[in-house]
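Below are the chains, spelled out letter by letter.
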Amino acid sequence: MSKNKTEAISLLRILDDRISNNNPSLDNANSSNSNQTSSSLERQNGISNFGAVMHVIKGNIGPGILAMPAAFSHAGILFGTVMLAVLGVICVHCMHLLVKCSHYLCRKTKASHLDYSGVTEVAINFLQAATPRKAKAGRVMVNIYLVLAQLGICCVYVLFIARNIKLVVEKCIGNEPDSINYRINYPMSLQHYELVLVTLLVAIVFIRDVKYLAPFSMLANIAALVALGIILYYILIHQKFQSVSRLPLIKDWSELPLYFSTALYAFEGIGVILPIENKMKEPQAFPSLFGVLNLGMTIVCVLFITVGFYGYIEFGDEAMASVTLNLKSWYGVAVQILFSLCIYVSYAVQFYVPLTIIGPAIAESKLAQFIGPTLFDYITRLLLVLLTVGVAAAVDEYLDLLIALIGSVTSTVLAIILPALLEIATFWPDRKERKYFWIMFTKDIVIMLFGVLCFLSGTAVAVMQLVQRFRGE
């Protein structure tokens, strides 16, 4: 138990370091000696290779894995399986690019470590046409995308919890949602659940010291593990598979953007990759061929493909935005409760990231000074909770389209486009000395074009389908 609690605390510290906005990377470069001394001390008390693998897995396992059967319903059984493996390779490669750029720029600046926005700032700063203002703008842009991504994930979490708890209540009261008896005795809509959820979310995000979330995070990890085990048991053992031949090998091309957007949403952990490596006792084991990153992400990809493939075989085109919504038996009730508890705690952890970016930026405002920093901090937390719940309520029950929209708008940029762009920017000043630079350049351009295509097509299709559903078309 104590070991699990230690791992939970270390994960929360990783999230704390995820956006070190108050310690600019260029300042770190100027104080490299003191940073290297403190870094060596941190290494001695760092996380083990096994712990790092667990953090990589935990950073990528969320509602995205539960949406895999729905993603397959937009792609077909063959295309969905093959392309998910290809997407896994691309995303892991982009994670390696981020680590590679971080290592190179740390050596160049003698900084102890860099985070995602720090890598961006330093890479831009070394370009010939760069200015400190442009470098700072790069850092700000990455932080904005991190805020959008994390708040978007929080919106998904709100809708996920509300829909699952609504199903649990409906199951427990024994009424069918379409029956007259149900409407008379239980008229609560999805928005009512989200309104009730505001109080619970405010209670947990008002915990200002992240270390106090460690016990809850540990319990959430256990709940997620048990719930995922029940899902795999249900679709692999308990249920009899239907014929695979009834499923299309590939769907119409017009549905593919939703597949890519949903699948890319699942790879939500690129923001924790550098902080995990920075906290390791043996950071050299992180990017190696059989190292932490490849091992952890291989497990993640296998889980994604397993849940998507067998979930799609079981539920076909009836697969819902979360596979938990397809489980109508008491197995489903157990899974819905466990995952709702897990996501509830995860909301607070994900919420901490944008709060740490936004907080320092507005804490020096006149309003903050007038009402006091503590009260202003609580007001900021409350407003951000209301924002995420408001977006979730506006989207109504369309969890699948919200996931696709967040995946296309933020995940494509953070997980695919930016890492490839950063590799070009990082090595551009030394391009004449690098033998294979133009091969690398061509490869990165292809990756970025793929990311841009996913961004544009996924966003357009998700928005159009949201509009159509609200119009009742």
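What you see is a predicted model; the values in this text were computed from it and never measured.

Rules of the game
- Here, residues in each chain are numbered from 1, in the same order as that chain's written sequence.
- Per-residue local features are limited, in this predicted model, to residues with pLDDT of at least 70; the limit for side-chain atom pairs, both in listing and counting, is 80 or more; totals at the level of whole chains, interfaces and linings are taken over all residues.
- Remark: hydrogens and water are excluded; side-chain values derive from all non-hydrogen atoms of the structure.
- Each helix corresponds to a stretch of at least 4 residues labelled H or I by DSSP, and each strand to a stretch of at least 2 residues labelled E; elements are numbered beginning at the N terminus.
- Burial classes: relative accessible area under 20% of the type maximum marks a residue as buried, over 50% as exposed, and values in between as partly exposed (1.4 Å probe, protein chains only).
- Every residue pair with non-hydrogen atoms within 4.5 Å of one another is taken to be in contact.
- Put simply, a nonpolar core is a bunch of buried Ala, Val, Leu, Ile, Met, Phe, Trp, Tyr and Cys residues held in one set by side-chain atoms that sit within 4.5 Å of each other.
- Salt bridge criterion: a side-chain nitrogen from Lys or Arg within 4 Å of a carboxyl oxygen from Asp or Glu.
- Each aromatic pair joins two rings of Phe, Tyr and Trp (for Trp, the six-membered one) with centres within 6.5 Å, and gets the label stacked for planes under 30 degrees apart, edge-to-face for over 60, and tilted for any other angle.
- Note on criteria: charge over ring means Lys NZ or Arg CZ within 6 Å of the ring centre, with the direction from the centre no more than 35 degrees off the ring normal.
- Cavities and pockets are defined on a 1 Å grid built over the protein atoms alone: a cavity is a set of grid points where a 1.4 Å probe fits but cannot escape, while a pocket is an open set with protein on both sides within 12 Å along at least five of seven lines, and lining residues are those with an atom within 4 Å of any such point.
- Grid points are joined across faces, edges and corners, and a volume is the space filled by probe spheres set on the points.
- Residues are sorted three ways: Asp, Glu, Lys and Arg are charged, Ala, Val, Leu, Ile, Met, Phe, Trp, Tyr, Cys and Pro are nonpolar, and all the rest, Gly among them, are polar.
- Each helix should span, by expectation, one fewer than its residue count multiplied by 1.5 Å.
- Helix axes are fitted only over the stretch in contact, all axes being lines through C-alpha atoms; the angle between N-to-C directions runs from 0 to 180 degrees.
- Any angle between 65 and 115 degrees counts as roughly perpendicular, while under 35 counts as roughly parallel, over 145 as roughly antiparallel, and the rest as oblique.
- By convention, the crossing between two helices is left-handed when the near helix turns anticlockwise from the far helix through less than a right angle, and right-handed when the turn is clockwise.
- Residue-level confidence of the predictor is what pLDDT reports, using numbers from 0 through 100.
- Patches here: salt-bridge-free residues with over 30% relative accessible area, like charges joined within 9 Å, nonpolar side chains (Val, Leu, Ile, Met, Phe, Trp, Tyr) joined within 5 Å.
- Computed with a 1.4 Å probe, the accessible areas rest on the Shrake-Rupley method; for each residue, only the protein chains presented here act as cover.

Visitor: Honestly, the overall build of the chain in this entry has me stumped. Any pointers?
Guide: A count of helical and extended segments in the chain gives 20 helices and 0 strands. Every one of the 473 residues in the chain was classed for burial, and the buried ones make up 54%. Pairs at least 24 residues apart make up 85% of the contacts formed inside the chain by residues separated by at least 6 positions.

Visitor: Help me understand the nonpolar core in this model?
Guide: Most often, soluble globular proteins have nonpolar side chains that are buried together. Grouped together as the largest cluster of nonpolar side chains are 143 residues, with contacts concentrated most on Tyr-259, Phe-286, Phe-304 and Tyr-347. Counting residues per element, this core draws most heavily on helix α19 (residues 399-427), which supplies 17 residues. Apart from residues no more than four positions distant in its own chain, Phe-304 is found in contact with Asn-60, Ile-61, Ile-65, Met-68, Leu-84, Ala-266 and Phe-267.

Visitor: Where do I start with the pattern of salt bridges in this structure?
Guide: Scanning the entire structure with this criterion turns up 11 salt bridges. A salt bridge links Arg-139 to Glu-121, with the shortest nitrogen-to-oxygen separation between them at 2.6 Å. With Arg-139 in helix α9 (residues 132-173) and Glu-121 in helix α8 (residues 116-125), this residue pair connects regions lying 18 residues apart in the sequence. Arg-381 is the partner of Asp-377 in a salt bridge, and the nearest nitrogen-oxygen pair spans 2.8 Å. Separated by 4 residues within a single helix, Asp-377 and Arg-381 lie in helix α18 (residues 373-395), roughly one turn from each other. Taking the relative accessible area as the measure of exposure, Asp-377 reaches 16% and is therefore buried. Look at Arg-381 and you get buried, because its relative accessible area is 5%. In the salt-bridge network here, residues are joined through shared partners; they are Lys-100, Glu-423, Lys-443 and Asp-444.

Visitor: Sorry if this is basic, but what is going on with the packing of aromatic side chains here?
Guide: The geometry of an aromatic ring pair comes down to the distance between the two centres and the angle between the two planes. Enumeration according to the criterion identifies 19 aromatic pairs in this entry. Arranged with centres 5.3 Å apart and planes meeting at 70°, the rings of Trp-438 and Phe-441 form a pair that is edge-to-face. Of this pair, Trp-438 and Phe-441 both sit in helix α20 (residues 437-471), 3 residues apart, roughly one helical turn. Taken together, Phe-72, Phe-79, Tyr-259, Phe-260, Tyr-312 and Phe-450 form an aromatic cluster joined through their ring pairs. Looking at Lys-108, its charged tip hangs above the ring of Phe-126, at a distance of 4.5 Å from the centre. The residue whose ring lies beneath Arg-208 is Tyr-378, and the NZ or CZ to ring-centre distance is 5.4 Å.

Visitor: Help me out: how do you make sense of empty space enclosed by the protein in this one?
Guide: Here the idea is plain: a probe the size of a water molecule rolls over the atoms and shows the empty space left. Inspection of every chain in the model, using the stated rule, returns 5 cavities of 30 Å³ or more. Roughly 100 Å³ of volume is contained in the largest cavity. Surrounding the largest cavity, 15 residues form its lining, Ala-149, Ile-153, Glu-268, Ser-411 and Leu-414 being those nearest its centre. Listing elements by their share of the lining of the largest cavity, those giving two or more residues are α9 and α19. Its residues assigned to classes, the lining of the largest cavity shows 9 nonpolar, 4 polar and 2 charged.

Visitor: Would you mind showing me how to read α18 here?
Guide: Two residues of an α-helix separated by three or four positions point the same way, owing to the 3.6 residues in each turn. Along its 23 residues, α18 runs 33 Å from first to last C-alpha, staying within 8% of the 33 Å computed at 1.5 Å per residue. Asp-396 sits one or two positions beyond α18 and adopts a positive phi of about 65°.

Visitor: Would you mind going over the packing of α19 against α20 with me for this structure?
Guide: Each packed pair of helices is defined by two parameters, the angle between the axes and the distance between the axes. At their nearest, the axes of α19 and α20 sit 8 Å apart, and the two run at 165° to each other. Relative to α20, the element α19 lies roughly antiparallel. Regarding α19 and α20, the two cross each other, and that crossing is left-handed. Partitioning the contact of α19 with α20 into residue classes produces 24 nonpolar, 6 polar and 5 charged.

Visitor: Explain the packing of α8 against α19 to me, please; I cannot follow it from the model alone.
Guide: The geometry of α8 relative to α19 is characterised by a closest axis approach of 10 Å and an angle of 35° between their N-to-C directions. Helix-helix and strand crossings are classified by hand; for α8 and α19 the assignment is left-handed. Where α8 approaches α19, its residues Tyr-116, Val-119, Thr-120 and Ala-123 are matched on the opposing element by Val-413, Leu-414, Leu-418, Pro-419, Leu-422, Ala-425 and Thr-426.

Visitor: Sorry if this is basic, but what is going on with the confidence of the model for the chain here?
Guide: Note that predicted coordinates carrying low pLDDT should not be read in detail. Across the chain, the average pLDDT comes to 83, with 86% of residues at 70 or higher. Within the model, pLDDT remains below 50 along residues 19-34, and this stretch shows 29 contacts once partners closer than five positions in the same chain are excluded.

Visitor: Help me understand unusual backbone geometry, please; the structure alone is not making it clear to me.
Guide: Residues apart from glycine generally show negative phi values, whereas peptide bonds are mostly found in trans. Residue Lys-110 is not a glycine yet carries a positive backbone phi of 60°. Residue placement: Lys-110 occurs in the loop between α7 (77-109) and α8. A relative accessible area of 52% places Lys-110 in the exposed class. Despite not being glycine, Asp-396 shows a phi value in the positive range, around 65°. Along the polypeptide, Asp-396 turns up in the loop between α18 and α19. Look at Asp-396 and you get partly exposed, because its relative accessible area is 23%.

Visitor: Explanation requested: a nonpolar patch on the surface in the structure shown.
Guide: Taken together, the side chains of Leu-78, Val-82, Val-86, Leu-249 and Ile-250 make up a nonpolar region of the molecular surface, amounting to roughly 430 Å² of accessible area. With respect to the secondary-structure elements, Leu-78 resides in helix α7. According to the relative accessible area criterion, Leu-78 is partly exposed, its value standing at 48%.

Visitor: So what exactly am I meant to see when it comes to the environment of Ala-404 here?
Guide: Position of Ala-404 among the secondary structure elements: in helix α19. Between the alpha carbons of Ala-404 and Gly-64 there is a distance of 9.9 Å; along the sequence they are 340 residues apart. If we skip the residues at most four places from it in the chain, Ala-404 touches Leu-258, Ser-261, Thr-262 and Ala-462.

Visitor: Got a minute to help me understand helix α15 (residues 292-315) in this structure?
Guide: Between its first and last C-alpha, α15 extends 34 Å over 24 residues, near the 34 Å set by a 1.5 Å rise per residue. Taken across its 24 residues, α15 has 17 buried, putting it largely inside the fold. Just downstream of α15 lies Gly-316, where phi reads positive at about 60°.

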